Amino acid sequence: MLTRADWAGLIPHAGRMDVLDRVLHWDNECLQAEAMAPDATHPLARAGRVHAVHLCEYGAQAAAVHGALLARAVHSTAPAGLLAALRAVRLHGQWIDAAAPLHIAVRRLAALPEAVQYRFEVAQLGATLAQGQVLIAFGAVP
């Protein structure tokens, strides 16, 4: 198991916007992580609640951590990436319940020099809350 300190500085997210708490497992193709659900004081909260669409950020960050860990394993640094697209996103509810931890799973679908694509799923108490695909693009921003 890895904690936030193990990937600190490997991804650009920091403070309360570094949403993952633990990596439970990772290998060359996938990563499983856990996060405390955001509460009413989280930066993503509006009117005391966090909308389920923000679960896409949890998936994207899990993908970023996976890429960073893969790069570190071969004594390299992952290139800076930007969330370029979300596809086939399905939300199974409107709000995130702050009462229980979130389980985040990502699987790399494709990797090219200019981009990487992952499938993600976020669950809570065994029920899927969100799923979809994230495309992260590398290189200069126009």
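Residues numbered from 1 in each chain as written. Predicted model: local features only at pLDDT ≥ 70, side-chain atom pairs only at ≥ 80, totals over all residues. Heavy atoms only, no water.

Some thoughts on the overall build of the protein chain
Heads up, the condition is: Every helix listed is a DSSP run of H or I at least four residues long, and every strand listed is a run of E at least two residues long, numbered separately from the N terminus. Here the radius of gyration uses the C-alpha set of atoms, whereas the globule reference equals 2.2 Å times the residue count to the power 0.38. Think of it in three bands: with a 1.4 Å probe and only protein chains considered, a residue is buried below 20% of the maximum accessible area for its type, exposed above 50%, and partly exposed in between. Every residue pair with non-hydrogen atoms within 4.5 Å of one another is taken to be in contact. Computed by Shrake-Rupley with a 1.4 Å probe, the accessible areas treat only the displayed protein chains as cover when residues are assessed. Lys and Arg are tallied as positive, Asp and Glu as negative. Neither His nor the chain termini are counted. By convention, the charge on Lys lies at NZ, on Arg at CZ, on Asp at CG and on Glu at CD.
Helix and strand counts for the protein chain stand at two helices and seven strands. In the protein chain, the succession of helices and strands from N to C terminus is β-α-β-β-α-β-β-β-β. Computed over its C-alpha atoms, the radius of gyration of the protein chain comes to 14 Å, within 12% of the 14 Å expected for a compact globule of 142 residues. Considering the protein chain as a whole, with its 142 residues, one finds that 36% of them fall into the buried category. Residue pairs in contact within the protein chain that sit at least 24 positions apart in sequence constitute 60% of those at least 6 positions apart. For the protein chain, the accessible area works out to roughly 7,600 Å², and carbon and sulfur atoms hold 56% of it. Taken together, the 11 basic and 11 acidic charged side chains of the protein chain have centroids lying 4 Å from each other.

Concerning the nonpolar core
Note the cut-off: Working definition of a nonpolar core: buried Ala, Val, Leu, Ile, Met, Phe, Trp, Tyr and Cys residues. They are joined through side-chain atoms within 4.5 Å.
By size, the foremost hydrophobic cluster in this structure holds 35 residues, and its most contacted members are Leu-20, Leu-31, Leu-55, Tyr-58, Val-65, Leu-102 and Ile-104. Here Leu-55 is in contact with Ile-96, Leu-102, Phe-120, Val-122, Leu-129 and Ala-130, once residues within four sequence places are set aside.

A short note on the environment of Val-50
Tracing the backbone through its elements, the reader meets Val-50 in the loop between strand 3 (30-35) and helix 2 (55-73). For Val-50, a relative accessible area of 2% puts it in the buried group. Separated by 40 residues in the primary sequence, Val-50 and Arg-90 have C-alpha atoms spaced 16 Å apart. Setting aside chain neighbours within four positions, we find Val-50 in contact with Pro-38, Asp-39, His-42, Leu-44, Ala-45, Gln-94, Trp-95 and Ile-96.

Digging into the sheet that holds strand 4 (residues 81-91)
The cut-off we apply is this: Should DSSP find at least two bridges between two strands, the strands are regarded as paired. Every axis in this analysis is a line fitted to C-alpha atoms, fitted for helices over the stretch in contact. Angles between the N-to-C directions lie between 0 and 180 degrees.
Spatially, seven strands are ordered 1-2-3-5-6-7-4 in an open sheet, and the strand pairing comes out antiparallel. Both edges of this open sheet fall to strand 1 (2-3) and strand 4, since each of them pairs with a single strand only. Relative to strand 2 (residues 22-26), strand 1 is paired through two bridges, and the arrangement is antiparallel. Looking at strand 2, one finds that Leu-2 is bridged to Val-23. On top of the sheet, helix 2 reaches strand 1, strand 2, strand 3, strand 4, strand 5 (102-112), strand 6 (115-124) and strand 7 (127-138); it is set at about 60° to strand 5, its chief contact.

Structural notes on the pattern of salt bridges
Our working rule: Any carboxyl oxygen of Asp or Glu within 4 Å of a side-chain nitrogen of Lys or Arg constitutes a salt bridge here.
A full pass over the atoms with the stated rule returns two salt bridges. For Arg-22, the salt bridge is made with Glu-34, and the minimal N-O distance between the two is 2.7 Å. With Arg-22 in strand 2 and Glu-34 in strand 3, the pair connects residues that are 12 residues apart, well separated along the chain. We classify Glu-34 as partly exposed; its relative accessible area is 22%.

Let's talk about the pairing of strand 5
Two faces belong to every sheet, and in a regular strand the side chains alternate between them. Where strand 3 meets strand 5, six bridges bridge the pair, whose relative direction is antiparallel. Its bridge partner being in strand 5, Ala-35 is matched across the sheet by Leu-102. Here strand 5 runs beside strand 6; their pairing, made up of 10 bridges, is antiparallel. Bridging from a neighbouring strand, Ala-110 pairs with Gln-117 of strand 6. In this structure, the hairpin formed by strand 5 and strand 6 is closed by a connection of two residues.

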